[in-house]
Amino acid sequence: GKGEYDHFMLKEINEQPTSLAQAIEGRVDSATERIALSDFEPDTFEDVDSVQFVACGTSYHAALYGSLTLNQAGVQSTALLANEYSVSAPPIDDDTLVIAVTQSGETADTLTALRRADAEGARTLTVTNVVGSTAAREADDALFIRAGPEIGVAATKTFSSQAVMLTLLGQRIAGDLQGEPPADLKSLLPELESMPGRLDDLLASSAAESIAEQYSDSQSYFFIGRGLGFPVALEGALKFKEITYEHAEGFASGELKHGPLALVTPETPVFAIFTGQEDEKTLKNAEEAQTRGAPVIAVCPDGHPAVKAADEHLSIPETEPNLAGLLANVQLQLVSYYAADLLDRPIDKPRNLAKSVTVE
Ligand code: F6R
């Protein structure tokens, strides 16, 4: 049941400290600076020469997140929409690893892409929440995110767990391939172990409800981010449109000036996500929107230069760039939730949507 919460979505947002702790349990060891992904044999990824992620919707945003972390670790990787894969898959050979990211393990588009990859000789892996799902049975390997059942149609806790597991898996793939652990791993592991506590702090002190109240009669909502903030901007916008029925779009911060800026007015709040990757550029992009009258809500740590420049602030604990976006995403989940609640939307079951999409 929903327990003390009005909606499953809010319950599931609040479960994230626990679901993330479950995801990483036994899989990281900051004392020995190792990723103990015992789901896989030692050096199992040493022959992988490129990685293709396939996924849809929120899982695609997690896949893009994972793919960017792999690129940053020096591994060639791309994230593709599963429903585009059959007409535009990049070349595959037997050293290509295709990773299907799917919470349910039953999404038809994603299964079709997985089967195509398999037929063309790729090695396949799925990152999923459901043991015994079709994706888990059909892929060569499966990595389970252990988020527990998600009832709300809008994916929340599963996104965080997918993104974290993909970040870990990426470090493991890079390590196997390069013969030594990636340079970032040493700082990443203790930060990862601190995530559940950081999420508790964020959830206990979020200003999301008052921001939702302030802006819930706007015309459109824009989300911008750079680097790992980009998939979070896309996800922030998807969640917002899905449950509030209001128009929302996510952009790479630097793209704003290449067109979308034409839409910016005082009626279009801009949520700017700062993850510690060229933040000064993102701030400049946000200020360009502000100059056109748009209220800017900075999602960043206290004391960040964006706090002073922006109209509003959603605070995230300090952490490293690989994880900051996940904290920002939780703030954005809360904004969507409270905005949808004010608008009296059926939050757990948005119109026209199903939890698991089993048709192409
Ligand atoms: C959005 C949402 C959908 C799913 C997508 C893929 O909140 O839940 O966009 O992410 O339909 O579903 P899975 O992950 O089950 O393949």
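Since the model is a prediction, treat every value here as computed from it, not as a measurement.

This part covers the overall build of the protein. Helix and strand content of the protein: 13 helices and 12 strands. Taken over C-alpha atoms, the radius of gyration comes to 19 Å for the protein, in line with the 21 Å a tight globule of 360 residues would show. On the principal axes, the C-alpha backbone points of the protein span a range of 50 × 45 × 40 Å. The proportion of buried residues among the 360 residues of the protein is 58%. Side chains of the protein carry 25 positive and 55 negative charges; the gap between the two charge centres is 3 Å.

So, on to the site of the ligand. Around the ligand sit 13 residues in total, of which Ser59, Thr102, Gln103, Ser104 and Thr107 are the nearest. In the model, an oxygen atom of the ligand is placed 2.7 Å from a nitrogen or oxygen of the Ser104 side chain. At 2.8 Å, a side-chain N or O of Glu242 approaches an oxygen atom of the ligand. Among the detected pockets, the ligand sits in the largest pocket. Looking at the shell around the ligand, the elements with two or more residues in it are helix 3 (57–72) and helix 10 (229–244).

To continue, consider empty space enclosed by the protein. On inspection of all chains with the given rule, the structure shows 1 cavity of 30 Å³ or more. Of the voids in this model, the largest cavity is the one considered here, and its volume is about 30 Å³. Lining the largest cavity are Ile211, Ala212, Tyr215, Ser216, Tyr221, Phe240, Phe271, Val335 and Ala339. Where the lining of the largest cavity is concerned, the elements lending two or more residues are helix 9 (208–215) and helix 13 (321–342). Of the residues contributing to the lining of the largest cavity, the split by class is 8 nonpolar, 1 polar and no charged.

To continue, consider a negative patch on the surface. Together, Asp43, Glu46, Asp47, Asp49, Asp93, Asp94 and Asp95 line one region of the surface with negative charge. Summarising the element assignment, Asp47 is placed in the loop between strand 2 (34–35) and strand 3 (50–55).

Quick look at the confidence of the model for the protein now. With 99% of its residues at a pLDDT of 70 or more, the protein has an overall mean of 95. Overall fold confidence (pTM) sits at 0.97, and the ipTM for the predicted complex is 0.99.

Next up on the list: the layout of surface pockets. Reported here for the largest pocket is a volume of approximately 580 Å³. Elements with a contribution of two residues or more to the lining of the largest pocket: helix 3, helix 5 (108–119) and helix 10. Examining the composition of the lining of the largest pocket, we find that 4 residues originate from one element, helix 10, more than from any other. For the lining of the largest pocket, the class distribution of residues is 8 nonpolar, 10 polar and 5 charged.

Here the focus is the nonpolar core. Counting residues in hydrophobic clusters, the biggest one holds 84 residues, and the most contacted among them are Val51, Phe53, Ile99, Leu125, Leu169, Phe223 and Phe271. Excluding its chain neighbours within four sequence positions, the residues that come into contact with Ile99 are Val51, Gln52, Phe53, Val54, Leu125, Val127, Leu166, Leu169 and Ile173. Core analysis: the next-biggest nonpolar cluster, separate from the first, contains 18 residues, Ile224, Leu256, Ala298 and Cys300 among them.

What counts as what
- Residues numbered from 1 in each chain as written.
- Predicted model: local features only at pLDDT ≥ 70, side-chain atom pairs only at ≥ 80, totals over all residues.
- Heavy atoms only, no water.
- Helix = DSSP H or I, 4+ residues; strand = E, 2+ residues; numbered from the N terminus.
- Rg over C-alpha atoms; globule rule 2.2 N^0.38 Å.
- Buried < 20%, exposed > 50% of the residue type's maximum accessible area, 1.4 Å probe, protein only.
- Lys, Arg positive; Asp, Glu negative; His and termini not counted.
- Charge placed at Lys NZ, Arg CZ, Asp CG, Glu CD.
- Near = heavy atom within 4 Å.
- Polar contact = N/O pair within 3.5 Å; in protein donor to acceptor, adjacent residues only side chain to side chain.
- 1 Å grid on protein atoms, 1.4 Å probe; cavity = no way out; pocket = protein on both sides within 12 Å on 5 of 7 lines; lining within 4 Å.
- Sits in = over half its atoms within 2 Å of the grid points.
- Points joined across faces, edges and corners; volume = space filled by probe spheres on them.
- Nonpolar A, V, L, I, M, F, W, Y, C, P; charged D, E, K, R; others polar.
- Patch = residues over 30% accessible without salt bridge, like charges linked within 9 Å, V, L, I, M, F, W, Y side chains within 5 Å.
- Areas by Shrake-Rupley, 256 points an atom, 1.4 Å probe, with all protein chains shown as cover.
- Salt bridge = Lys/Arg side-chain N within 4 Å of Asp/Glu carboxyl O.
- pLDDT = per-residue confidence, 0-100.
- Core = buried A, V, L, I, M, F, W, Y, C linked by side-chain atoms within 4.5 Å.
- Contact = heavy atoms within 4.5 Å.

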